[in-house]
Amino acid sequence: MTLARPPGAPATPAQAQPSGPPIKVMIVDDSVFMRGILSKWLGESGEFTVVGTHPNGRRAADDVQSSQPDVVILDLEMPDMDGLTALPLILERKPNTAVLVASALSRRGAEVSLRALTLGAADYLPKPDSARGPVAAEEFRAELLAKARSLGQRVRRRSMPRPPIGSTAGTPAAGAPATAPAAAPAKIPGLGRPDGKLRAYSRMPPALLAIGSSTGGPQALTKLFADIGPFIGRVPVLVVQHMPPTFTAILAEHIARASGRRCAEGRDGEDLVAGQIYVAPGGLHMDVVQSGGVSRIRLLDSAPVNFCKPAVDPMFESVAGIYGAAALSVVLTGMGSDGARGALKIADLGGSVIAQDEESSVVWGMPGATAAIGACAGILPLVEIGPRVNRLLTGGRE
């Protein structure tokens, strides 16, 4: 995809037409115009079928069992029943549904969106700024289709029946490595092919923890920081989450509450301090520079990387160059492959890389790409990442 992207929003390359049935989508928005334009865009793509459109959350919750959507696009500000109220009802009545919430690019919009993510929404979709005209609308369309596609495919995969116990379907061939990812993503051009082997963890104590995430990341970050908060007092922590401005500031507040640590958007030239968490601001890249033995944050208003701004790769690459074997990095759920190249540099210089596994990821794009190129020392469920990080931070060896 070559369209311009909103700050912080990931993109995925153009997809081939699906071989299976279209992804079923329900649209919930009090605006007749929005319901109409979203239906038009989804229908034109050939990948989706719209199974219902509703002006409020009450009607959507009442219809979800009948319509059986794979994806629900849910406006959060509606009369009668708003999106936050409808969300738990939709998920209760059809649990295997990916809900994509839509909100304004404002502080209130960010707060409500992140609240929806804690209630079970899979991802968020910032509505376009009308002042920017057709460009903003086209960016919104591209992001809508990419996220609906990715989330719908995940729902379909999880709905497929599993082989019966004792079946040989899906069983690795004799001699196949037990550590291979469950489903290796497409090879990234210019990078090695997956060999299924895990690297050894670094024997050097971590001096910095770097984390990258995208789709599903806010939920994963909240869980991770609740687990590691008491153990990160000796290292600074850097976070790049694909998010637009305002959203990243609210995310930092959520991480601070979950971790019990100071967390804020990074500031250009700010010294890294152990025990503090720095989130890349939406619309800017964040990396690390060193002078006189002191590591500092650098913010860059340069071109998007991997269609993202902020992007994980620039941060990981700078961390690799400064910290080497003392770098510990984690790649959480997210679309695309951002972070894989930077993670490979960290691993090649002796640092440790952990990727979230496919089953616990909302989208196994970024961690799957990192696993596929052989950068990982661990590919773990989200519930195991925190304890593993804590063990490494406190001098344990794997």
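Residues numbered from 1 in each chain as written. Predicted model: local features only at pLDDT ≥ 70, side-chain atom pairs only at ≥ 80, totals over all residues. Heavy atoms only, no water.

**Overview of the overall build of the chain**
Piece 1. In terms of regular secondary structure, the chain is built from 11 helices and 14 strands.
Piece 2. The proportion of buried residues among the 398 residues of the chain is 54%.
Piece 3. Pairs at least 24 residues apart make up 74% of the contacts formed inside the chain by residues separated by at least 6 positions.
Piece 4. Carbon and sulfur atoms provide 54% of the accessible area of the chain, an area that totals close to 16,400 Å². (Helix = DSSP H or I, 4+ residues; strand = E, 2+ residues; numbered from the N terminus. Buried < 20%, exposed > 50% of the residue type's maximum accessible area, 1.4 Å probe, protein only. Contact = heavy atoms within 4.5 Å. Areas by Shrake-Rupley, 256 points an atom, 1.4 Å probe, with all protein chains shown as cover.)

**Some details on the nonpolar core**
Piece 1. One finds Ile211 and Phe225 to be the most contacted residues of the largest nonpolar core, which totals 55 residues.
Piece 2. Excluding its chain neighbours within four sequence positions, the residues that come into contact with Phe225 are Ile211, Ile232, Val237, Val239, Ile255, Ala258, Ser259 and Ile277.
Piece 3. Counting 33 residues, the second largest nonpolar core, distinct from the first, contains Leu208, Phe316, Ala340 and Ala371. (Core = buried A, V, L, I, M, F, W, Y, C linked by side-chain atoms within 4.5 Å.)

**Re the pairing of strand E12 (residues 327–331)**
Piece 1. For E12, a buried count of 5 out of 5 residues is recorded, marking the element as mostly surrounded by other parts of the structure.
Piece 2. Of the two faces of E12, the one holding Ala327, Ser329 and Val331 and the one holding Leu328 and Val330 are both buried throughout.
Piece 3. As paired elements, strand E6 (residues 208–213) and E12 share 5 bridges and run parallel to each other. The residue bridging Leu209 from the neighbouring strand is Leu328, located in E12.
Piece 4. Alignment of E12 against strand E13 (residues 352–356), held across 4 bridges, turns out to be parallel. By the bridge assignment for E13, Val330 is matched with Ile354.
Piece 5. The parallel pair E12 and E13 is bridged by helix H9 (residues 340–348), and the resulting crossover is right-handed. (Pairing = 2+ DSSP bridges. Right-handed = clockwise from strand over helix to strand, strands pointing away.)

**Thoughts on the pattern of salt bridges**
Piece 1. Scanning the model with the defined rule gives 20 salt bridges in all.
Piece 2. Its salt-bridge partner being Lys309, residue Asp301 comes within 2.5 Å of it at the nearest N-O pair.
Piece 3. Residue classification places Asp301 among the exposed residues on the basis of a relative accessible area of 62%.
Piece 4. Residue class for Lys309 comes out buried when judged on its relative accessible area of 14%.
Piece 5. Several salt bridges converge on common partners, so that one network encompasses Asp29, Asp75 and Lys127. (Salt bridge = Lys/Arg side-chain N within 4 Å of Asp/Glu carboxyl O.)

**Re the side chain of Ser67**
Piece 1. On the secondary structure map, Ser67 appears in helix H2 (residues 57–67).
Piece 2. Here the side chain of Ser67 touches Val51 through a polar contact of 3.4 Å, landing on its backbone oxygen.
Piece 3. In this structure the side chain of Ser67 is engaged in a polar contact, spanning 2.4 Å, whose partner is the side chain of Asp63.
Piece 4. Leaving out residues up to four positions away in the same chain, Ser67 has contacts with Lys24, Met26 and Val51. (Polar contact = N/O pair within 3.5 Å; in protein donor to acceptor, adjacent residues only side chain to side chain.)

**Side note on the packing of aromatic side chains**
Within a pair of aromatic rings, the relevant descriptors are the distance that separates the centres and the angle that separates the planes.
Piece 1. Applying the stated criterion across every chain yields a total of 2 aromatic pairs.
Piece 2. Taking 5.2 Å as the distance between ring centres and 25° as the angle between the ring planes, the aromatic pair formed by Tyr124 and Phe247 counts as stacked. Here Phe247 lies in helix H7 (residues 247–259) and Tyr124 lies in strand E5 (residues 123–126), a separation of 123 residues in the sequence. Grouping residues by exposure puts Tyr124 and Phe247 together as buried. (Phe/Tyr/Trp six-rings, centres within 6.5 Å; stacked < 30°, edge-to-face > 60°.)

**Examining the UniProt feature "modified residue: 4-aspartylphosphate" (unreviewed entry) in the chain**
Piece 1. According to UniProt, the "modified residue: 4-aspartylphosphate" (unreviewed entry) feature falls on Asp75.
Piece 2. Inspection of the secondary structure assignment puts Asp75 in strand E3 (residues 71–75).
Piece 3. If we skip the residues at most four places from it in the chain, Asp75 touches Val28, Asp29, Asp30, Gly83, Ala102 and Lys127. (UniProt positions renumbered as here; feature names shortened; annotations may be inferred.)

**Quick word on helix H1 (residues 32–45)**
Piece 1. Spanning 14 residues, H1 covers 20 Å between terminal C-alpha atoms, matching the ideal 20 Å at 1.5 Å per step.
Piece 2. When H1 is considered as a whole, its buried residues turn out to be Met34, Arg35, Ile37, Leu38, Trp41, Leu42 and Ser45.
Piece 3. Elements in contact with the buried residues of H1: strand E1 (23–28), strand E2 (48–54), E3 and helix H5 (134–159).
Piece 4. Capping the start of H1, Ser31 holds a side-chain oxygen 3.3 Å from the backbone nitrogen of Phe33, two or three residues further along. (Expected span 1.5 Å × (residues − 1).)

**Overview of H9**
Piece 1. All of the buried residues along H9 are Ala340, Gly342, Ala343, Leu344, Ile346 and Ala347.
Piece 2. Tucked into the core, H9 has its buried residues touching helix H8 (312–323), E12, E13 and helix H10 (366–372).
Piece 3. Positive phi appears at Gly350, one or two residues downstream of H9, with a value of about 100°.

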